[in-house]
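Reading the structure
These are the residues of each chain, in order.
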Amino acid sequence: MSGNNKPIRIAVNLMRARLTVIGFNIAIVSFQIAQLPRITGGVNIPGIEHPLHLTAGVELYMALALSLIAIIAFIMSSEFDEVGTCTQWTLIAGDLLMYLALAYTIAGFFAPLGGSIRNVAANLPGHPEQTLILQKSVLIAGGIAWFLAMYIGPLISLIRSPFPQITNLSLGIGYISLVLLLSWVNSQAVLIEISSGSFLFEPGMVLRELTQPLRW
């Protein structure tokens, strides 16, 4: 964090590298959205031929929206000069949104994968140990990636941010608020998938979404 009054000027290549990551993420999300109808499990709804993975679908579309918002935040951080250096706090906001988008992409991949592996295990009764190892190893790896993207990456960005402490604190509070809001949205999708008639706001469900790899 910056402790002097020196103008903050961040190399534009740093922002470009992040735009590359977001572009790659958007490509992955687009591919997975097209593949969701082919994944086993989900909710069967009359009139729809394929099972509906509502939670994974919400997460992937959220990942797409967050990625696009992050792109806008990154572009807004760049000056209109011959170098294009980044001087605005929106660079850090874009960083936080990028990590959040990555976390939602990971969730959209691995959450339905757990159900698919369970279905495979049910059809391979002679190999329970092997299918259990496959399921746990894949989901643990995905869960680690999710926690890094959701919490560790944003924390490091805020710690290393050269902007004033009050700016970083405000961005941190905004990030936590957004995570809680999206956790509530996720909980609504989960309640629909499990056919629960619970209230729209159930604190336990929201808190569980803050550690959602444990649900996979």
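Model, not experiment: these values are computed from the prediction. (Residues numbered from 1 in each chain as written. Predicted model: local features only at pLDDT ≥ 70, side-chain atom pairs only at ≥ 80, totals over all residues. Heavy atoms only, no water.)

Looking now at the overall build of the chain. Within the chain, the regular secondary structure consists of six helices and zero strands. Looking at the chain as a whole, 40% of its 216 residues are labelled buried. Long-range contacts, defined here as pairs at least 24 residues apart, represent 74% of the contacts in the chain between residues at least 6 apart. Taken as a whole, the chain presents about 12000 Å² of accessible surface, with 70% of it coming from carbon and sulfur. (Helix = DSSP H or I, 4+ residues; strand = E, 2+ residues; numbered from the N terminus. Buried < 20%, exposed > 50% of the residue type's maximum accessible area, 1.4 Å probe, protein only. Contact = heavy atoms within 4.5 Å. Areas by Shrake-Rupley, 256 points an atom, 1.4 Å probe, with all protein chains shown as cover.)

This paragraph deals with the environment of P7. Within the fold, P7 resides in the segment before helix 1 (12-35). P7 sits in the exposed class, given a relative accessible area of 63%. Considered as a pair, P7 and T87 are 80 residues apart in the sequence and their alpha carbons are 7.9 Å apart.

Before going further, it helps to examine a nonpolar patch on the surface. On the surface, I140, I144, L148, I152 and I156 cluster together into a nonpolar patch covering about 440 Å² of accessible area. The residue L148 is located in helix 4 (residues 128-160) in this model. The class for L148 is partly exposed, based on a relative accessible area of 46%. (Patch = residues over 30% accessible without salt bridge, like charges linked within 9 Å, V, L, I, M, F, W, Y side chains within 5 Å. Salt bridge = Lys/Arg side-chain N within 4 Å of Asp/Glu carboxyl O.)

Working note: a packed helix pair is described by the angle between its axes plus the distance between those axes. At a minimum axis distance of 10 Å, the contact between helix 1 and helix 2 (residues 54-76) shows a crossing angle of 160°. The orientation of helix 1 with respect to helix 2, classified from their angle, is roughly antiparallel. Where helix 1 crosses over helix 2, the two elements pack in a sense that is left-handed. Here M15, R18, L19, I22, N25, I26, V29, Q32 and I33 of helix 1 lie close against helix 2, whose contacting residues are L60, Y61, A63, L64, S67, L68, A70, I71 and F74. Residue composition of the contact of helix 1 with helix 2, by class: 14 nonpolar, three polar and one charged. (Axes fitted to C-alpha atoms, helices over the stretch in contact; angles between N-to-C directions. Parallel < 35°, antiparallel > 145°, perpendicular 65-115°, else oblique. Left-handed = near helix turned anticlockwise from the far one by under 90°. Nonpolar A, V, L, I, M, F, W, Y, C, P; charged D, E, K, R; others polar.)

Moving on to the pattern of salt bridges. Pairs can form between side chains of opposite charge once their charged atoms are near each other. Tallied over the entire structure, the rule returns three salt bridges. In this structure, D95 and R18 form a salt bridge, with 2.4 Å as the shortest nitrogen-oxygen distance. Placement of D95 in helix 3 (residues 90-123) and of R18 in helix 1 is noted, with a sequence separation of 77 residues between them. Here E209 makes a salt bridge to R215, at a shortest N to O gap of 2.9 Å. Overall, the relative accessible area of 3% leaves E209 in the buried class. Residue classification places R215 among the partly exposed residues on the basis of a relative accessible area of 33%. Through salt bridges with shared partners, one network takes in E59, E209 and R215.

Attention shifts here to the confidence of the model for the chain. The predicted structure's coordinates, where accompanied by low pLDDT, should not be read in detail. Averaged over the chain, the pLDDT score is 84; the fraction of residues at 70 or greater is 82%. Taking the mean pLDDT of every element in the chain, the minimum, 82, falls on helix 6 (residues 203-209) and the maximum, 93, on helix 2. (pLDDT = per-residue confidence, 0-100.)

It is worth spelling out the side chain of S183 at this point. Topologically, S183 is positioned in helix 5 (residues 165-193). Under the relative-accessibility criterion, S183 is labelled buried at 4%. Setting aside residues up to four positions removed in sequence, S183 forms contacts with Y104, V206, E209 and L210.

In this section: the nonpolar core. Looking at soluble globular proteins, one finds that nonpolar side chains tend to be buried together. Ranked by size, the top nonpolar core spans 41 residues in total, and within it L66, F74, L100, Y104, W146, M150 and W216 carry the most contacts. It is helix 3 that contributes the most residues to this core, 13 residues altogether. (Core = buried A, V, L, I, M, F, W, Y, C linked by side-chain atoms within 4.5 Å.)

Turning next to the packing of helix 2 against helix 5. Interaxial distance between helix 2 and helix 5 falls to 8 Å at its minimum, and their mutual angle equals 155°. Looking at the two axes, helix 2 sits roughly antiparallel to helix 5. The segment helix 2 lies against helix 5, with L54, T55, V58, E59, M62 and L66 engaging L178, L182, V185, N186, A189, V190, I192 and E193. Grouping the amino acids of the contact of helix 2 with helix 5 by side-chain chemistry returns ten nonpolar, two polar and two charged.

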